[in-house]
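# Geometric and topological summary
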Amino acid sequence: MKMHILSLTLLLASAGVALPDVWEVDTAHSSAQFAVRHMMVATVRGTFGDVRGTVIYDPKEPAKSSVQATVAVASIDTREPKRDAHLKSADFFDAENHPTMTFRSTKVEPAGSGMLKVTGDLTIRGVTKPVVFEVEGPMPAVNTGRAIKSGATGTAKIKRSDFGLTWNRVLETGGVVVGDEVTITVDLELDKK
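Report follows, based on the coordinates. As the structure is a prediction and not an experimental result, all values here were calculated from the model. (Residues numbered from 1 in each chain as written. Predicted model: local features only at pLDDT ≥ 70, side-chain atom pairs only at ≥ 80, totals over all residues. Heavy atoms only, no water.)

## Side note on the side chain of T123
Definition in use: Comment: elements are numbered from the N terminus, with helices defined as DSSP H or I runs of at least four residues and strands as E runs of at least two. A 3.5 Å cut-off defines polar contacts: any pair of N or O atoms within that distance qualifies, except that in protein one atom must be a possible hydrogen donor and the other a possible acceptor, and neighbouring residues in sequence count only when both atoms are side-chain atoms. Contact definition: two residues touch when any of their heavy atoms are within 4.5 Å.
Within the element layout of this structure, T123 appears in strand 8 (residues 115-124). Here T128 takes part through its side chain, which lies 2.6 Å from a polar atom of the side chain of T123. Ignoring any residue separated from it by four or fewer positions in sequence, one finds T123 in contact with M101, T102 and T128.

As structure tokens, this is what we get:
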């Protein structure tokens, strides 16, 4: 499918048709982070280092833009190997049966100067739900001499229970070990195709 999009893009461009910009996620400089309450007293943060995807951006008509991204669950890092192993297990992400999380936009809207509102379908553990990302960017492009680069940061809040991530323990003092609300932040560096 990616090859068909790029082939069509080249064909239309050679015919003089103005096209949106096509960007690939630079996996070495992009990541997805999450933050969730732990034991009702602190916030634990983690990172997924393997983020891949394509952004098609039309600065003149943002509604024609789209985002597709895939995150490898096995790339999770919370700086605690035992916790990472638990998060990959069937109690949480079930990485063996659901090795990736995906996001596919369904709507892109301007949301003020330098901001976009990106609505799409987020799939975690085989469950797909609509999610809205507030996006800063894309940033003005920079020519490094070797590539044309841009970037964007998107933030969304989800309830992990909506995606089947329901493992928890009740604390003796009340409350639970892991909060339900999760803040997701995705930092993307993009290479123009």
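## Remarks on the pattern of salt bridges
Two side chains of opposite charge can pair, provided their charged atoms sit close to one another. In plain terms, the rule: The term salt bridge refers to a side-chain nitrogen of Lys or Arg lying within 4 Å of a carboxyl oxygen of Asp or Glu. Each residue gets one of three labels from its accessible area relative to the maximum for its type: buried under 20%, exposed over 50%, partly exposed in between, using a 1.4 Å probe on protein chains only.
Throughout the structure, instances matching the rule amount to eight salt bridges. The residue E189 makes a salt bridge to K149 at a minimum N-O spacing of 3.2 Å. Of this pair, E189 sits in strand 12 (residues 178-192) while K149 sits in strand 11 (residues 148-159), and the two are 40 residues apart along the sequence. Taking relative accessible area as the criterion, E189 reaches 23% and is therefore assigned partly exposed. Since its relative accessible area comes to 18%, K149 is described here as buried. The network of salt bridges with shared partners includes D26, K149, E189 and D191.

## Comments concerning unusual backbone geometry
Across residues other than glycine, the phi torsion is negative in most instances, and most of the peptide bonds are trans. Here the bond from G137 into P138 is cis, since omega is 5 degrees, no more than 30 degrees from zero. By secondary structure assignment, the location of P138 is in the loop between strand 9 (127-136) and strand 10 (142-143). Of note, R79 is a non-glycine position whose phi angle comes to about 70 degrees, a positive value. Locating R79 in the fold gives a position in the loop between strand 6 (76-77) and helix 2 (81-88). Accessibility expressed as a relative area gives 70% for R79, which makes it exposed. The backbone phi angle of R125 is positive, close to 55 degrees, even though this residue is not glycine. Among the secondary structure elements, R125 is positioned in the loop between strand 8 and strand 9.

## A short note on the side chain of D94
To keep things clear, this is the line we draw: Neither His nor the chain ends is counted toward charge; the positive residues are Lys and Arg and the negative residues Asp and Glu.
Its location among the elements puts D94 in the loop between helix 2 and strand 7 (100-110). An unpaired buried charge is present at D94: no salt bridge exists, and R125, the closest side chain of opposite charge, is 4.6 Å distant. Sequence-distant contacts of D94, defined by excluding residues within four places in its chain, comprise L87, K88, S89 and R125.

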